[in-house]
Amino acid sequence: MKRLVINEELCKGCGLCYDACPKKILKMGDHLNSKGFHPTVCTDYDACISCAGCYRTCPDMVFTVYKPKK
């Protein structure tokens, strides 16, 4: 199961999440969403540590972060 879900349709491509990610796995996508923005994409979902830095930084509530069960 993915630890991170990105709602690309809400993303405006501001890039604030790029610096908030300690693993540096977020980047600008090559495609456009329906609003004409390049949304954020994750380059390696397996590397996500569920820190929620992206979630806390995003002004548009693009991210849903799941903590893995122990």
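Preceding block: the structure.
Rules used throughout
Residues numbered from 1 in each chain as written. Predicted model: local features only at pLDDT ≥ 70, side-chain atom pairs only at ≥ 80, totals over all residues. Heavy atoms only, no water. Helix = DSSP H or I, 4+ residues; strand = E, 2+ residues; numbered from the N terminus. Rg over C-alpha atoms; globule rule 2.2 N^0.38 Å. Buried < 20%, exposed > 50% of the residue type's maximum accessible area, 1.4 Å probe, protein only. Contact = heavy atoms within 4.5 Å. Areas by Shrake-Rupley, 256 points an atom, 1.4 Å probe, with all protein chains shown as cover. 1 Å grid on protein atoms, 1.4 Å probe; cavity = no way out; pocket = protein on both sides within 12 Å on 5 of 7 lines; lining within 4 Å. Points joined across faces, edges and corners; volume = space filled by probe spheres on them. Nonpolar A, V, L, I, M, F, W, Y, C, P; charged D, E, K, R; others polar. Core = buried A, V, L, I, M, F, W, Y, C linked by side-chain atoms within 4.5 Å.

**Re the overall build of the protein**
When its secondary structure is counted, the protein shows two helices and four strands. Each helix and strand of the protein, placed in order from N terminus to C terminus, yields the pattern β-α-β-β-α-β. Taken over the C-alpha trace, the protein has a radius of gyration of 11 Å; the compact-globule value for 70 residues is 11 Å, and the two agree within 12%. Projected onto the principal axes, the alpha-carbon positions of the protein cover approximately 40 × 20 × 20 Å. A total of 70 residues make up the protein; the buried ones form 33% of that total. Summarising the internal contacts of the protein: among those between residues at least 6 apart in sequence, 54% fall at separations of at least 24. A total accessible area of about 4,700 Å² is found for the protein, and carbon and sulfur atoms account for 55% of it.

**What about the side chain of Thr 40?**
Turning to its location among the elements, Thr 40 is positioned in strand 3 (residues 40–42). Those residues in contact with Thr 40 that sit more than four places away from it in its chain are Ile 6, Glu 8, Cys 11, Cys 17, Tyr 18, Leu 26, Lys 27 and Phe 63.

**A closer look at empty space enclosed by the protein**
Left-over empty space is what a probe sized like a water molecule reveals as it rolls over the atoms. For the structure on display, the rule yields two cavities of 30 Å³ or more. Quantified by volume, the largest cavity comes out at close to 100 Å³. Looking at the lining of the largest cavity residue by residue, the class counts come to 11 nonpolar, two polar and one charged. Approximately 70 Å³ is the volume attributed to the second largest cavity. Considering the residues around the second largest cavity, the lining is formed by Cys 11, Lys 12, Gly 13, Cys 14, Gly 15, Cys 17, Thr 40, Cys 58, Asp 60, Val 62 and Phe 63. Taken together, the residues of the lining of the second largest cavity break down into six nonpolar, three polar and two charged.

**Looking at the nonpolar core**
Membership of the largest hydrophobic core comes to 13 residues, with the highest contact counts inside it found for Leu 4, Ile 6, Leu 26, Cys 42, Cys 54, Val 62 and Phe 63. Ignoring sequence-local partners within four residues, the contact set of Val 62 consists of Val 5, Ile 6, Asn 7, Leu 10 and Cys 11.

**Digging into the environment of Ala 52**
Inspection of the secondary structure assignment puts Ala 52 in the loop between strand 3 and helix 2 (53–57). Residue class for Ala 52 comes out buried when judged on its relative accessible area of 14%. Spatially, the C-alpha atom of Ala 52 lies 12 Å from that of Tyr 18, the residues being 34 residues apart in sequence.

**Focus on unusual backbone geometry**
In the Ramachandran plot, Ser 50 falls in the positive-phi region, its phi being about 60 degrees despite a non-glycine side chain. Of note, Ser 50 is situated in the loop between strand 3 and helix 2. With a phi angle near 70 degrees, Ala 52 is a residue other than glycine that sits in the positive phi range.

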